[in-house]
Amino acid sequence: MERLRAPVLERARALALGAGFPLALVVLWHVAVMASGTRLVPTPWMVALMMRDFAFGGVYDDAFSKTILIHLLASMQRVYGGFFLAVALGVPLGLAIGKISLFRQLLDPTLSLLRPIPVTAWLPLSMVFFGLGPRSAVFLVFLGAFYPVLLNTIFGVRSVDPRLFEAANMLGCDGARLFRQVVLPAALPSIFTGLRLGHSFAWILIVVGEMTGVPTGLGSVIMDGRTLSRPDLVITGMIIIGVAGFLCDRLIVALNNYVLRWSPQHRG
Amino acid sequence: MADRRPFLHIRDVNKTFVIGAERIEALHHVDLLVNKGEFVCLIGASGCGKSTLLRIVAGFEQPTSGDVRVYDAPITGPGSDRGMVFQDYALFPWMTVMDNIAFGPKQKDLKDAKDIASRYLDMVGLAKFADRFPYQLSGGMKQRVAIARVLANEASILLMDEPFGALDALTREQLQDELLEIWARTQVTILFVTHSVEEATLLADRVVVMTAGPGRIESDNHVRLSRPREVSAPDFNDARRSLTEKLTSHLRRRPLKSAA
């Protein structure tokens, strides 16, 4: 019985601590706003009202009422448009750079030069290339997610035990088959690290991406909240981005745990 | 009809590694003829080039000069006729035991890859573990999978690089017995690198003693003991002692040389 009860208690404790801490922060937030008497920062209750209105309407009934799905879906389209583009380009390119020295010699110096440039610095050029609109946002998200995916894929390939490639060669596997059957699966643990990092960057960059004058999206809601001096709207947008990013990260972790079930140390 | 051509022929192989400004002569005029079905052990101190020689036969390294031929056909790279069994197993960790063993047959697009794999899985006694991943296996089981993997690929030459070096003594003895049984059943040719004189005496038809600096063959010794061999038998001890003397004779000479 002792051994059965212990994990349950342990889980309850983890839940209490994990959920208790943010709850305590919310209480602290409330107390701080009340005590200071500021009108620049809303109380948690005001944010909760705003969220209810954003989701179901019936509180303020303004331009933002009942629009959560429109903005969330618009943002998700851009986040995943950019993210999947980054994965579709970053993983194969990373495999090639990691395994084939010709690609490494050709591309590595250029990529190393481009990498330190902050994604936000691309904003003006991206508006020139893609105009004011969602395509610019997708491009910025893509840029932000691309390097973590690419670099972790390269790293994953470079850190594969070379004996696995030798073993594959001696068993008659080479060329394109080697990439599909050995290089890719062997690099998967590191690729998943890149996916998670790239995915979190994608959500970070959506706000920047949607600053470029798009009418919809959670980033644009936040920018509108700033222009309209509605901090409850700003914080609502922030919370929704946080929750959506978190839930999608859990999906990636679940996928990670399934795909990497052969490697207990890579379970998230 | 027996093929009269030499089976595995290592012909005047030299190998020099260049590391920075340094040139290291790993192998120096190595000649060795291995007959079909023979069990040959390569033994020697570390740095004698025995692993390098094995890797050249596997096709993972190219000799600086000389060549290795199988039935007169020079080896140009890795091939499925020669299967390497690595000390650290080199199993594909994302594949089940079954998929690891079926990997070779699948590369040839054989429809019965799984059947072939099952057969060799049975041979190494791991049928119950077909769906396990390598991380769920003990070292001895992993090495059995590695052996089954090259056998399923129809390798006629097994190249074994200190395959039992990382295993505990009991498991090692068990695997040595199983390897001899597999060898008798499949009649593969085995080139086996070890640093254990006892292991070489127990397993080999011939023990090739190599020395370092530069790596070369010091002596080629037939082990004329009947099988199965008994480690505690007097004639086994004699054979082992005589091999140990051959292995260490140059080691005892060397400190004198450097002192002179």
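All figures in this text were calculated on a predicted structure; none of them were measured in a lab. (Residues numbered from 1 in each chain as written. Chains lettered and ligands numbered in written order. Predicted model: local features only at pLDDT ≥ 70, side-chain atom pairs only at ≥ 80, totals over all residues.)

Trainee: Residues and numbers for the overall build of chain B, please.
Mentor: Scanning chain B from N- to C-terminus turns up seven helices and 10 strands. The C-alpha atoms of chain B give 19 Å as radius of gyration, which agrees with the globular expectation for 260 residues (18 Å, within 12%). The principal-axis extents of the C-alpha atoms in chain B amount to approximately 65 × 45 × 45 Å. Counting across all 260 residues of chain B, residues that qualify as buried make up 43%. (Helix = DSSP H or I, 4+ residues; strand = E, 2+ residues; numbered from the N terminus. Rg over C-alpha atoms; globule rule 2.2 N^0.38 Å. Buried ≥ 20, exposed ≤ 12 C-beta atoms within 10 Å, placed from the backbone.)

Trainee: Would you mind going over the overall build of chain A in detail, with residue names and values included?
Mentor: Per the secondary structure count, chain A includes 10 helices and zero strands. Moving toward the C terminus, one meets the helices and strands of chain A in the order α-α-α-α-α-α-α-α-α-α. Each principal axis of the C-alpha distribution contributes one length, and for chain A these read about 70 × 65 × 30 Å. For chain A, the residues scored as buried account for 36% of the 268 residues in total. For chain A, restricting intrachain contacts to residue pairs at least 6 apart in sequence, the fraction spanning at least 24 positions comes to 69%. (Contact = placed C-beta atoms within 7 Å.)

Trainee: Explain unusual backbone geometry residue by residue, including any values.
Mentor: Between G213 of chain B and the following residue, P214 of chain B, the backbone shows a cis peptide bond with an omega angle of -10 degrees. Note that P214 of chain B resides in the loop between β9 (206-211) and β10 (216-222). Of note, the amide linkage connecting R227 of chain B to P228 of chain B takes the cis form, showing an omega dihedral of -5 degrees. One non-glycine residue, S229 of chain A, lies in the positive phi region at around 50 degrees. Mapped onto the elements, S229 of chain A comes out in the loop between α9 (218-227) and α10 (231-259).

Trainee: Before we move on, can you summarise the nonpolar core with the specific residues and values?
Mentor: Counting 139 residues, the largest nonpolar core has V141 of chain A together with C41, V57, I101, L159, L191 and F192 of chain B as the members making the most contacts within it. Excluding residues that lie within four positions of it along the chain, V57 of chain B makes contacts with I10, V68, I75, R82, L159 and L191 of chain B. (Core = buried A, V, L, I, M, F, W, Y, C linked by C-beta atoms within 7 Å.)

Trainee: Summarise the sheet that holds strand β2 (residues 22-34) of chain B; cite the residues concerned and give the values.
Mentor: All names here are of chain B. Taken together, the four strands give an open sheet; going across it, the order is β2-β1-β4-β5, and neighbouring strands pair in antiparallel fashion. Every interior strand has two partners, whereas the edge strands, β2 and β5 (73-74), have only one. Here five bridges tie strand β1 (residues 8-19) to strand β4 (residues 65-70), and the two strands are oriented antiparallel to one another. Bridge pairing in β4 places N14 opposite S65. (Pairing = 2+ DSSP bridges.)

Trainee: Summarise the environment of L197 of chain A; cite the residues concerned and give the values.
Mentor: Residue and element names in this part refer to chain A. Counting through the fold element by element, L197 comes out in helix α8 (residues 176-209). Along the primary structure L197 and N152 are separated by 45 residues, whereas in three dimensions their C-alpha atoms are 9.3 Å apart. Once residues within four sequence positions are removed from consideration, L197 is found in contact with P148 and N152.

Trainee: Describe the interface of chain B and chain A, and please don't skip the residues or the numbers.
Mentor: Across the boundary between the two partners, chain B contributes 20 residues, which contact 14 residues of chain A. Residue assignment for the side of chain B that touches chain A shows that the elements contributing at least two residues are β6 (82-85) and α2 (97-107) of chain B. A breakdown of the residues in the side of chain B that touches chain A according to their chemical character gives 12 nonpolar, five polar and three charged. (Nonpolar A, V, L, I, M, F, W, Y, C, P; charged D, E, K, R; others polar.)

Trainee: Outline the sheet that holds strand β8 (residues 189-194) of chain B, listing residues and values.
Mentor: Residues and elements named next belong to chain B. The strand order across the open sheet formed by six strands is β6-β7-β8-β3-β9-β10, and the pairing between neighbours is mixed. Each edge of the sheet is formed by a strand with only one pairing partner; in this case those strands are β6 and β10. Recorded for the sheet is a direction-independent mean angle of 20 degrees between the axes of neighbouring strands. As defined by bridge partners, β6 adjoins strand β7 (residues 157-161) across four bridges and the pair is classed as parallel. Considered in β7, the bridge of R82 is made with I157. (Axes fitted to C-alpha atoms, helices over the stretch in contact; angles between N-to-C directions.)

Trainee: Requested: an account of the packing of α8 of chain A against α9 of chain A, with residues and values cited.
Mentor: In a packed pair of helices, the relevant descriptors are the angle between the two axes and the axis-to-axis distance. Residues and elements named next belong to chain A. In contact at an axis separation of 7 Å, α8 and α9 are set at 50 degrees when each is read in the N-to-C sense. With respect to each other, α8 and α9 are oriented oblique. Both α8 and α9 take part in a crossing whose hand is right-handed. Contacts between α8 and α9 pair I206, V207 and G209 from the former with L218, G219 and I222 from the latter. Looking at side-chain class alone, the contact of α8 with α9 contains four nonpolar, two polar and no charged residues. (Parallel < 35°, antiparallel > 145°, perpendicular 65-115°, else oblique. Left-handed = near helix turned anticlockwise from the far one by under 90°.)

Trainee: Quick one: what's the story with helix α1 (residues 50-58) of chain B, residue by residue and with numbers?
Mentor: Residue and element names in this part refer to chain B. Extensive coverage of α1 is indicated by the burial of eight of its nine residues. Within α1, the full set of buried residues consists of K50, T52, L53, L54, R55, I56, V57 and A58. Just beyond α1, the residue with positive phi is G59, at close to 90 degrees.

Trainee: Could you give an account of the confidence of the model for chain A, naming the residues involved and the relevant values?
Mentor: Scored by pLDDT, chain A has a mean of 92; 98% of the residues are at 70 or more. Confidence, read as mean pLDDT per element, is least for helix α1 (residues 2-36) of chain A in chain A (88) and greatest for helix α3 (residues 68-99) of chain A (96). (pLDDT = per-residue confidence, 0-100.)

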